[in-house]
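What the coordinates show
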Amino acid sequence: MEIAFYLSAVVAVLATLGVVTGRHPVHALLYLIVSLIAVAMVFFALGAPFAGALEIIVYAGAIMVLFVFVVMMLNLGEAAAQQESAWLRPRTWLGPAVLSGILLLVLLVTLIGADVGGRIQGDTLTAKAVGTLLFGPYLIVVELAAMLLLAALVAASHLGRSEAHDEAHTVRQVPGKRTADGRGRAASERSLGDDTSSEENSR
Amino acid sequence: MSWWTPQVEAIAFALFQALVILIGAVLSGALLTMVERRLLGLWQDRHGPNRVGPFGVLQILADMLKILFKEDWIPPFADRTFFVLAPAIAMASLLLSFMVIPITPNWGVADLHIGLLFFFAMAGINVYAVLFGGWSSGNKYALLGAMRASAQTLSYEVFIGLSLMGVVAMAGSFNMREIVAAQETVWFIVPQFFGFCTFLVAGIAVTHRHPFDQPEAEQELADGYHVEYSGMKWGMFFIGEYVGIVLVSALIVTLFLGGWHGPWLPPIVWFLLKTAVFVGFFVLLRAALPRPRYDAVMSFGWKVCLPLTLINLLVTGALILVFSPAGG
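All values reported here derive from a predicted model rather than from experimental measurement. (Residues numbered from 1 in each chain as written. Chains lettered and ligands numbered in written order. Predicted model: local features only at pLDDT ≥ 70, side-chain atom pairs only at ≥ 80, totals over all residues. Heavy atoms only, no water.)

Quick word on the overall build of chain B
- Each helix and strand counted, chain B has 11 helices and 0 strands in total.
- Taken against the 2.2 N^0.38 rule, which gives 20 Å for 328 residues, the C-alpha radius of gyration of chain B at 21 Å falls within 12% of a compact globule.
- Dimensions of chain B, computed from C-alpha atoms along their principal axes, come out at roughly 65 × 65 × 45 Å.
- With 328 residues in all, chain B has 52% of them scored as buried.
- Once local pairs closer than 6 in sequence are excluded, the contacts in chain B between residues at least 24 apart make up 78%. (Helix = DSSP H or I, 4+ residues; strand = E, 2+ residues; numbered from the N terminus. Rg over C-alpha atoms; globule rule 2.2 N^0.38 Å. Buried < 20%, exposed > 50% of the residue type's maximum accessible area, 1.4 Å probe, protein only. Contact = heavy atoms within 4.5 Å.)

Quick notes on the overall build of chain A
- Within chain A one finds 9 helices and 0 strands.
- Each helix (α) and strand (β) of chain A, taken in turn from the N terminus, gives the series α-α-α-α-α-α-α-α-α.
- By residue count, 23% of the 203 residues in chain A fall in the buried class.
- Restricting the contact set of chain A to residue pairs at least 6 apart, pairs at least 24 apart contribute 55%.
- Element-wise, carbon and sulfur atoms account for 69% of the exposed surface of chain A, whose accessible area totals about 14,200 Å². (Areas by Shrake-Rupley, 256 points an atom, 1.4 Å probe, with all protein chains shown as cover.)

Some points on the packing of aromatic side chains
Residues and elements named next belong to chain B.
- For the structure shown, the criterion picks out 17 aromatic pairs over all chains.
- Residues Phe193 and Phe194 carry aromatic rings whose centres are separated by 6.1 Å and whose planes lie at 70 degrees to one another, so their mutual orientation is edge-to-face.
- Of the residues examined, Phe193 reaches a relative accessible area of 42% and is grouped as partly exposed.
- Taking the centre distance of 4.7 Å and the plane angle of 15 degrees together, the rings of Trp234 and Phe238 count as stacked. In this pair, Trp234 and Phe238 are both assigned in helix H9 (residues 231-256), 4 residues apart and thus about one turn of the helix distant.
- What makes Phe238 partly exposed here is its relative accessible area of 24%.
- Among the aromatic residues, those joined into a cluster by ring pairs are Phe193, Phe194, Phe196, Phe199, Phe256, Phe278 and Phe281. (Phe/Tyr/Trp six-rings, centres within 6.5 Å; stacked < 30°, edge-to-face > 60°.)

A word on the environment of Ala28 of chain A
Residues and elements named next belong to chain A.
- For Ala28, the position within the fold is in helix H2 (residues 25-45).
- Judged by relative accessible area, which is 11%, Ala28 ranks as buried.
- The spacing of Ala28 and Ala15 is 13 residues in sequence and 8.9 Å in space, taken between C-alpha atoms.

Quick notes on the environment of Phe194 of chain B
Residue and element names in this part refer to chain B.
- Along the chain, the position of Phe194 falls in helix H7 (residues 193-206).
- For the pair Phe194 and Ile311, spaced 117 residues apart in sequence, the C-alpha separation works out to 9.4 Å.
- Beyond its immediate chain neighbours, meaning those up to four positions away, Phe194 contacts Leu308 and Asn312.

Concerning unusual backbone geometry
Residue and element names in this part refer to chain B.
- Phi is positive for Asp45, close to 60 degrees, though the residue is something other than glycine.
- Structurally, Asp45 is set in the loop between helix H1 (6-43) and helix H2 (59-69).
- For Asp45, a relative accessible area of 73% translates into the label exposed.

Topic: the confidence of the model for chain B
- The predicted model of chain B has a mean per-residue pLDDT of 83, with 95% of residues at 70 or higher.
- In the model output, the complex is listed with pTM 0.80 alongside ipTM 0.81. (pLDDT = per-residue confidence, 0-100.)

Structure representation (structure tokens):
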């Protein structure tokens, strides 16, 4: 298990480096997917298969698909790669790299100083145990997260809906310009079967 | 033979099982390419491939020879890495899913207690095959096919998980063996009928089978995401689709039809028989149904199947709470 942990951890770090230094956007995304799968493997090695499976299902299987989807639609070519490599000049990344290096050093010192010996071989946590924890001591957090997600869902639905509706509305309209308010919409819907020009005159 | 300890024997048996199941899955996928065409011929009142060998059985051999010896051409405008990677993902993610399916009480590769989630994870990874294949081809029809496929798969994956949560709640476990064991008396298709219906629809959609094969609709998109593929790389997509059919059929049997349970016959026969019936059903659907429009497919998923699964889950949960012993 320890070997599995360290191997997947190394893969995760290397893949994430690949994401940062990659010049081709889609190739960078592939590295990010590999990185997420490696993190899932870390969860498996730590004895939390439920978290590992969810990591793959939610992040690698759903969120990253949308990322890849959008980036593929953008049709980024050689120009984007050149722009990216222009941004990756040493002058740009030297500062952040040094600062992150200091943080890494602090982390390493803490890890070496602390006793982390037997922690990798933990007990395997079942899905039931995770559920009992989520709906026991952490119930309020779960409910708050659910409300936040619901709010996001409603907002997304509202944003997408009004735009799509307006578009359909304007396409369906006759040459005369009409505002997209409730009255105009009702009128145009009513007149779908009628002669549109007579409805235009009646206004 | 001092090294032949019981432990070694167990490892050897597990390896043997895994190999047999792997080869069985690939071979049944290959066999299906011929069986499907014959069945389609039967149902559509025509012959199908019946020239090579008795009843056209050797057609598989002829097709395999053609696929293997055809020039494996990578278009110069394609992204090589992704072009080669895509068919491998298509095949591997589906084959890995067979790992969690218990075939008989003694047979099955892995007994994970997150068995069902492993299948969802692999189904999630499988989307990349189509997405990468379509994008790396550098062909607009392939890209359109990949777009459709990923949008469709994402929408249907939302409730493929939800439709099975009723089964998980009733069995009290994600473990496939425990789910089968919970169906000793009543198969889950009876109490979870709506879950079964929505899982069937979602399973067809995730494998891009007719009538959900808009991603590869040949009339409008040439051949969708694998239009630039040839030779064995195309063959991997092709066989992968049939492996997907076998996988979804085997999952339906395990989750809703009691797995290996059945009177008189040995467990393995029951499992294979039930799976074969569902594979036949998949083919019958292709023979019988017209292809709906793409936006109809999407709105059917979001507006019919998703609410249905949510209501099903809600009712199942309420009933379990009502009938479970107090304080449980």
